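# Breakdown of the fold
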Amino acid sequence: MSDQADSLSDQAEKAELLRSLHIPGAPLVLPNAWDVGSARTVVDAGFPVVATASNAIAAALGYDDGEGAPSEEMMFVAGRIAASVDVPVTVDAEAGYGMAPEELVELLSGIGVVGCNIEDSDHANGGLTDVDVRAAYIARMRAAADRIGVPLVINARIDSFFPTSPLAEHQKRADAISRAEAYWSAGADCVFPPGAGPDDLRAVVAEVGAPVNAGLSLNRGSLEELRAIGAARVSVGPQLYRSALHHLLTDLQPLFDPPK
């Protein structure tokens, strides 16, 4: 078997492992990393998968979130993380960086990544991408992954509840459910409505039937509550990066000796 075939076989096994860990009520918990050091620490702590946080990676590189960082720099970091650990790596690919779905899937496979977040915020025009447009994009991602032979685990982020959502409060739940159903039907493996409260999460879990990713607040959230709701995946986004900077600032303050 060639080196390329070996690599694709290894990626396929990692993708299947990642998918198998999405269990409603016994969720895959993902402490999101932002560089090789944080990724290796996640693995050293015993977690079976490394996920990245685009917000944290962009901030560490000196850029704004929301595709403010060049895709080449974001994917370089993702590739370094994937090369540095032996566990499956799933990457926050934001809204796809303007790439065709086939191009994005080929790029992810090329850097050794076996899963990705893809969101439906429209960073160029504001608001949300049309549900049918995003569902078609996901369907093309799934077809491209099938052609490559690596069953990429697609986590469709639904931004109906996100602060940038233009929807009125009473519209958000129905919109999120409609989008979740469309993305699940298009080939997504998991749906992720960040910002959804417990009742909204219960509704998505009950009405869609797809594995659901829930966000966890490190200060106020309850992992037990998310298990009881039926979440299949839990992530913390950029919170660990921000916590690390807070601890760095705390350590630096006693060292600072301003001039008299």
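The coordinates are above.
To start, this report covers the structure provided alongside it. Starting afresh in each chain, residues are numbered from 1 along the sequence in its written order. For a predicted model such as this one, the threshold for reporting local features is a pLDDT of at least 70, and the threshold for listing and counting side-chain atom pairs is 80 or more; totals across whole chains, interfaces and linings nevertheless cover every residue. Excluded from the side-chain calculation are hydrogens and water; included are all heavy atoms of the structure.

## Considering the overall build of the protein
Looking only at helices and strands, one finds ten helices and eight strands in the protein. The globule rule is 2.2 Å times the number of residues to the power 0.38, and the radius of gyration it is compared with is taken over C-alpha atoms. What you see for the protein is a C-alpha radius of gyration of 18 Å, in line with the 18 Å of a compact globule of 260 residues. Its C-alpha atoms put the protein at 65 × 55 × 35 Å along the principal axes. When each of the 260 residues of the protein is scored for burial, the buried share is 49%. In this description a helix means any DSSP run of H or I spanning at least four residues, a strand means any run of E spanning at least two, and both kinds are numbered starting from the N terminus. Only protein chains enter the accessibility calculation, which uses a 1.4 Å probe; a residue whose area is less than 20% of its type maximum is buried, one above 50% is exposed, and one in between is partly exposed.

## Examining the environment of V91
As for its position among the elements, V91 is in strand 3 (residues 89–92). Given the relative accessible area of 3%, V91 is considered buried. Sequence-wise, V91 and D64 are 27 residues apart; in three dimensions their C-alpha atoms are separated by 17 Å. When checking whether two residues touch, look at their non-hydrogen atoms; a contact exists if any pair is within 4.5 Å. Excluding residues within four positions of it along the chain, V91 makes contact with T52, A78, V113, G115, C116 and N117.

## So, a nonpolar patch on the surface
Nonpolar side chains collect at one region of the surface, where L245, L248, L252 and L255 lie side by side and expose about 390 Å² of accessible area between them. Tracing the backbone shows L252 in helix 10 (residues 239–252). Look at L252 and you get partly exposed, because its relative accessible area is 44%. Here the term patch refers to residues with relative accessible area over 30% and no salt bridge, with like charges joined within 9 Å and nonpolar side chains (Val, Leu, Ile, Met, Phe, Trp, Tyr) within 5 Å. Note that accessible areas follow from Shrake-Rupley with a 1.4 Å probe, and for residues the cover is restricted to the protein chains shown. A pairing counts as a salt bridge when a side-chain nitrogen of Lys or Arg comes within 4 Å of a carboxyl oxygen of Asp or Glu.

## Remarks on the pattern of salt bridges
For the structure on display, the rule yields 13 salt bridges. Note that R173 and D200 form a salt bridge whose closest N and O atoms lie 2.8 Å from each other. A residue pair is termed long-range when its members are at least 10 positions apart, and R173 in helix 7 (residues 169–186) and D200 in helix 8 (residues 198–208) qualify at 27 residues. Using a relative accessible area of 16% as the deciding quantity, one classes D200 as buried. Where E224 meets R227, a salt bridge forms, and the shortest distance between an N and an O atom there is 2.3 Å. Linking E224 with R227, this pair stays in helix 9 (residues 223–229), spanning three residues, or about one helical turn. R227 sits in the partly exposed class, given a relative accessible area of 31%. Connected through shared salt-bridge partners, E16, R19, R142 and D189 make up one network.

## Some thoughts on the environment of A83
Looking at the element boundaries, A83 is found in helix 4 (residues 71–84). Of the residues examined, A83 reaches a relative accessible area of 59% and is grouped as exposed. Separated by 20 residues in the primary sequence, A83 and E103 place their C-alpha atoms 20 Å from one another.

## Thoughts on helix 6 (residues 131–148)
Each full turn of the α-helix corresponds to 3.6 residues, which orients residues three or four apart in the same direction. Taking 1.5 Å per residue, 18 residues should reach 26 Å; helix 6 reaches 26 Å between its end C-alpha atoms and fits that length. Of the positions making up helix 6, those classed as buried are V131, R134, A135, Y137, I138, M141, R142, A144 and A145. Under the rule applied, a polar contact is a pair of N or O atoms within 3.5 Å (in protein, one hydrogen donor and one hydrogen acceptor; residues adjacent in sequence only if both atoms are side-chain atoms). For helix 6, the N-terminal capping position is held by D130, with its side-chain oxygen 3.0 Å away from the main-chain nitrogen of D132. One or two positions beyond helix 6, positive phi appears at G149, with a value near 95°. Expected span of a helix: the number of residues minus one, times 1.5 Å.

## Focus: the nonpolar core
With 64 residues, the main nonpolar core has V50, L104 and M141 as its most contacted residues. With seven residues, the single largest contributor to this core is helix 6. In this structure, M141 is in contact with P101, L104, V105, C116, I118, L152 and I154, ignoring residues within four places of it in sequence. Put simply, buried Ala, Val, Leu, Ile, Met, Phe, Trp, Tyr and Cys residues joined by side-chain atoms within 4.5 Å make one nonpolar core. The next biggest cluster of nonpolar side chains, apart from the first, holds nine residues, and it includes V49, A51, V114 and V153.

## Quick word on the packing of helix 7 against helix 8
Structural elements are reduced to axes, namely lines fitted to C-alpha atoms, with helices fitted over the stretch in contact, and the angle between N-to-C directions of any two is expressed from 0 to 180 degrees. Contact geometry of helix 7 with helix 8 gives a least axis separation of 10 Å together with a crossing angle of 35°. Crossing of helix 7 against helix 8: the hand is right-handed. On helix 8, the residues that touch R173, I177, A180, E181 and W184 of helix 7 are D199, D200, A203, V204, E207 and V208. Tallied by class, residues from the contact of helix 7 with helix 8 come to six nonpolar, no polar and five charged. Put simply, a crossing is left-handed when the front helix is turned counterclockwise from the back one by less than a right angle, and right-handed when it is turned clockwise. Residue polarity is assigned by list, with Asp, Glu, Lys and Arg as charged and Ala, Val, Leu, Ile, Met, Phe, Trp, Tyr, Cys and Pro as nonpolar; anything else, Gly included, falls into the polar class.

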